[in-house]
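# Per-entry structural report
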Amino acid sequence: MTSNEIKLSDFIDRLNAERKPDEDEHTTDSPELKELYRTVKRVRTLREPALPESDFSQRLVQRLKAAEQHTRRQKVWPWLAGLAGVAMVFLFIGNLFFSNHRNMVYAMEQAFQEVQAYHGVMEVVETNAAGESLSQAKVEVWAAQDGSYYTKGLEGAGAGVVTVNNGEQKWQVLPDVKEVHTYPEFPDSYRFAFELGQEIDEAKKALSVEEVGEEPVAGREAVVLKIVPDGGEAYHLWVDKETKLPLQKESALQKGLQYRITYTSMEFDEAIPAELVAFRVPEGYMEVSESPEQTIRHWHEAEHLLGFAPAGFETAPAGYSLDRIAVVTDEGLVKVYYSNKEERFVFTQGKAKDAFTPAPTAILGKLDGHTAAIQAPMGETVGILSGGTPYGGAGFHSLVWQEDGFAYAVQGGKSQESLIAFTEQLTDGTFEVMDSGGWAPEVEVPVDWEKEKNDQKSVDSGSSPWRLDPAFVAQVFASLKLSPEGISGEYPIKEDELKVVQNDGVAAVVEITNEESPVERVYLQKLVRQDETGIWTVVGYDER
Amino acid sequence: MADDYDVQKDETPPASIEEICSATWEPVYRFIYYRVQNREEAEDITQEAYVKAMDYLRKNKVKPEKYIGFLKTVALNILRDLWRKKKRRGQRVDVEALNPKDLALDDPAQASTERMILEQALDSLNHDQRHVIELRILQGYSVADTAKVLEKKETTVRVIQYRALKNLSRILQSIEEGTIHDIQ
C-alpha cells in the first residue's frame, strides 16, 4: 500500500472524527492528494453537517464578550484624575509645565514618579461618526509604580472579571465559568493598558506634543494636548492642571469610531491592598493553568530536565537582577527572567531545531558575527519564539539568533534600543544592523504616491496585512513579472524561493531563487511611514 | 467589504449579542462546515467570524436581514487568511482554492446541481468502490468496520477506497467538462 493511500485514509478518518486534518488540500505537496482530498470533501457534502453541541450559541456569546473586553483593553489608555495626596510635588514642578513639549512631558514624568499606587474608576465611551456616544465599560483600576495591577469590570461586557498581576504571577477570575486562569507574570501580553507610566512613555516618544486648549474633565481643570505619535494617528490627551497627570484620552476617528477614556475618580495610596493582589481561588472555582513553564531553582536542574547544559548567563547584567529560571520541557527551552526598575527581559535558549529563518518582517543584523533578527514589536513567532507561552503583540520586542547549534532569544524592553543594549550586555557582544550599502536597483519602479498613501490607509484599517511583509510584496511583484497576464492558481514564485537578504526596517532586498523568474532581486522601501505599521513598496529590481 | 451592506436608518436599538448569535449562527456555521467538512474547524472559524464581525454589526446597525450575508463574507476572508497563514508557516497553499467559484455553492440551485453531479458520479463507480465510499465517507465507518461489513482485509478496503476516489475525481471532471463516458 502506498503512502498516499494511507494519507488519504487518515484524512477520511480525521474528517469522520470531525477533527481538523493534519494535512489538507491547501497544504499537501502532492498534486494527486490535493485532488483526492478535494474529492473526499465534495462527497462529504452529501452528508448532513455535524452540528455543534447545543450550548454552542452560548459559547459563542461568551467568546464574543471576552473578545469585546480584550479589545477595550487594547484600545484604552491610562488617565489619571483627582490627585490630592501629591499636590506638593506638583506645586514644585508647576512652573515647568506647559512651556514647551519637553517640559510638559517632563512634568508628567516627574509627577508620576511620586505616585506609589493609584486607585480609580475609568469609563470608556465610544462615539460613532454620527456623534452618537455609548458607554462601553466601567472598570475599577488599582495600579502600582512597580507594575503590579488589579482591575475589575464594573459595568459592560467584562463586568465581574478580575485581572491581577502581582509581579510574581498573573491570573484572571472569570465568574461566568467559575474559573481562575493563571499565567506567567511576564511577558504580560494582555497587560491592562491604562498605566500612567506607559502613557507618559508614549508621550516621550511622540513626534510632537502641542497644547490646543483647555477643557474641564470630571470637574477638574485640564489642558488639552494634541499628540502625534511616531506612527499612527494623532490623539488628544487632557492633563490635570493641578496634578500634571493625564486625565482623559480621545483616540482619532478610525473606521467611524472614536474612543474616549476618562478617569472619573481617583485616589492615591502607598500600595495596592494586599488582599487584592494575593492569589486565591474562590470557593467553587476551578484553577486552570495557562503556563507551560516550570520554575526551577538552579541551572543544574535545567540540565537534568532538558539534557543539555544551558549557556552560562547566571550573572545578571549590571543594573539588573535575575528574577527566576524556568524550563519548558516539551519544547526543550530554558528561560531566564531579568529586571530592573524600568524594564524586564526574558532570555530563552534551546537546541536549534531548524536552520535560522528570521521572520520576513524582522530587521536583520549581526550579533558578534552571527545573523540575528529583531522584531520591534514582535509579530510572527517563528523558530525559538514559537515555543512556550505565546507573546503576540503588546509592544514586546525580540532579538533572536543561533550559535553553535543552539537558538537564542531575548525579549522585552521598552524599545528596540534598550533590547539591543541589554542583549549586548548579557552576551558581552555587539549588535550591528546589516549594512545597507550598495543598495542600487538596476531597474527603478515608478511609485504612485497617491495609491501608496491610500494603500497605507487601507492597511491601517486592517485590510491587506501582507503589505507589511516585504517577502510577500516581493512575491506578488515577481510573480506578476513572470505571469504578466495575471495570477491564477498558485503564485509562480513560491514561498521557499524568496530570501530576505537585507532589511534594516526601512529598506529591504529580497532575492528570488526561481531560475525562471526574470527578476533576481526586488528592492523595497517603506515610503509612506517608516515604522512597523508602514507598508512596503517595490521601488526597483535587478533582472536575472 | 462593510460598505456593501446596507446600514439601518431608523432608530431601532441595536440587537444584543445574544439575539444576533441565536438568530444567525446555524446558517453561518453550515456555510463554513460545507467548506472545511469537520466540526472542529467549523466551530473555530464560526467563532472567529463573529468576533471579527460583531463590533461592526452592532455599531453600524447593519440591517438584520443582512447579518448572515455579512458574516459569511467575513468567514470567507478568514478562510483565505487561514490558507495564507499555512503558507507563511512554510507549507504550500493552493491559491486556486481562493477562487470564488470554488467557495461559492451557497446558492440552492447550484447546491442542487452539485448534488446531482455527485450522485451521478457515485453511480458510475463499480459496486465495491461505491460501497466503500458510502460506508467510509457518507456513513463515517472506520476502515476496520468497513472491512468487517464487506468481509475484506483492511488493506484491501484502503486500496479500493483510493481507487474509488481516483475514479470519482476523474468522473467529476468528465461530467463538468461534459465528456462523461464509462470509467471503471
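As the structure is a prediction and not an experimental result, all values here were calculated from the model. (Residues numbered from 1 in each chain as written. Chains lettered and ligands numbered in written order. Predicted model: local features only at pLDDT ≥ 70, side-chain atom pairs only at ≥ 80, totals over all residues. Heavy atoms only, no water.)

To continue, consider the overall build of chain B. Regarding its fold elements, chain B presents eight helices and zero strands. For chain B, with 184 residues in total, the buried portion stands at 46%. When contacts within chain B are restricted to residue pairs at least 6 apart in sequence, those whose partners lie at least 24 apart make up 61%. Just so you have it, chain B exposes about 9300 Å², and 48% of that area is on carbon and sulfur atoms. (Helix = DSSP H or I, 4+ residues; strand = E, 2+ residues; numbered from the N terminus. Buried < 20%, exposed > 50% of the residue type's maximum accessible area, 1.4 Å probe, protein only. Contact = heavy atoms within 4.5 Å. Areas by Shrake-Rupley, 256 points an atom, 1.4 Å probe, with all protein chains shown as cover.)

Opposite the 66 residues of chain A that make contact, chain B presents 65 residues. Carbon and sulfur atoms supply 55% of the area buried between chain A and chain B, which totals about 6500 Å² over both sides. For chain A, the biggest contributors to the area lost against chain B are H26, R42 and L46 of chain A; these three give 12% of the whole. Taken together, the links from chain A to chain B amount to six salt bridges. R19 of chain A serves as the salt-bridge partner of E40 of chain B, at 3.2 Å between the closest nitrogen and oxygen. There are 23 residue pairs in polar contact (both at pLDDT 80 or more) connecting chain A and chain B. (Buried area = accessible area lost by both parts, 1.4 Å probe. Salt bridge = Lys/Arg side-chain N within 4 Å of Asp/Glu carboxyl O. Polar contact = N/O pair within 3.5 Å; in protein donor to acceptor, adjacent residues only side chain to side chain.)

All names here are of chain A. The first and last C-alpha atoms of helix α8 (residues 416–427) sit 16 Å apart over 12 residues, in line with the 16 Å expected at 1.5 Å per residue. Of the residues making up α8, those classed as buried are S418, L419, I420, F422, T423 and L426. One or two steps after α8, the chain reaches D428, where phi turns positive at roughly 55°. (Expected span 1.5 Å × (residues − 1).)

Here the focus is the packing of aromatic side chains. Each aromatic ring pair is specified by the distance between its two centres and by the angle formed by the two planes. Residues and elements named next belong to chain A. Summed over the entire model, instances satisfying the criterion amount to 17 aromatic pairs over all chains. The interplanar angle of 25° and the centroid separation of 6.5 Å between the aromatic rings of F347 and W401 together place this pair among those described as stacked. Taken together, the positions of F347 in strand β16 (residues 344–351) and W401 in strand β19 (residues 398–403) put the pair 54 residues apart, joining distant regions of the chain. Ring geometry for F472 and Y491: centres 6.3 Å apart, planes at 85°, overall edge-to-face. (Phe/Tyr/Trp six-rings, centres within 6.5 Å; stacked < 30°, edge-to-face > 60°.)

Turning next to the pattern of salt bridges. Counted according to the given criterion, the structure contains 26 salt bridges over all chains. Residue K205 of chain A is joined to E202 of chain A by a salt bridge in which the shortest nitrogen-to-oxygen separation is 4.0 Å. Placement of both K205 of chain A and E202 of chain A in helix α6 (residues 196–205) is noted, with a separation of three residues, approximately one turn of the helix. Assessed through its relative accessible area of 45%, K205 of chain A is described here as partly exposed. For the salt bridge of E119 of chain B with R115 of chain B, the shortest nitrogen-to-oxygen distance reads 3.7 Å. Separated by four residues within a single helix, E119 of chain B and R115 of chain B lie in helix α5 (residues 108–123), roughly one turn from each other. For E119 of chain B, a relative accessible area of 37% gives the class partly exposed.

Right, let's get into the confidence of the model for chain A. Residue and element names in this part refer to chain A. In the predicted model, chain A carries a mean pLDDT of 80, and the fraction of residues at 70 or more is 85%. Taken together, the stretch residues 72–100 has pLDDT below 50 and engages in 97 contacts with residues farther than four places along the chain or on a different chain. In the predicted structure, residues 387–394 sits below a pLDDT of 50 and forms 23 contacts with residues beyond four places in sequence or in another chain. (pLDDT = per-residue confidence, 0-100.)

On to the environment of Q116 of chain A, then. All names here are of chain A. Topologically, Q116 is positioned in the loop between α5 (101–113) and β1 (117–128). The exposure class of Q116 is partly exposed, given its relative accessible area of 48%. In this structure the C-alpha to C-alpha distance between Q116 and F268, which are 152 residues apart in sequence, comes to 7.7 Å. In contact with Q116, other than residues within four places in its own chain, are A143, A144, Q145, D269 and E270.

Comment: phi is negative for the bulk of residues other than glycine, and the bulk of peptide bonds are trans. Residue and element names in this part refer to chain A. The phi dihedral of D368 falls on the positive side, at around 50°, and the residue is not glycine. Tracing the sequence through the fold places D368 in the loop between β17 (363–367) and β18 (370–375). For D428, which is not glycine, the phi dihedral falls at a positive 55°. Tracing the backbone through its elements, the reader meets D428 in the loop between α8 and β21 (431–433).

Attention now goes to the side chain of D240 of chain A. Mapped onto the fold, D240 of chain A is located in strand β9 (residues 235–240). Of the polar contacts made by the side chain of D240 of chain A, one reaches the backbone nitrogen of E242 of chain A; its length is 2.8 Å.

What follows is about the environment of G369 of chain A. Residues and elements named next belong to chain A. Within the secondary structure, G369 sits in the loop between β17 and β18. A relative accessible area of 54% means that G369 is categorised as exposed. With 62 residues separating them along the chain, G369 and F431 place their C-alpha atoms 8.6 Å apart.

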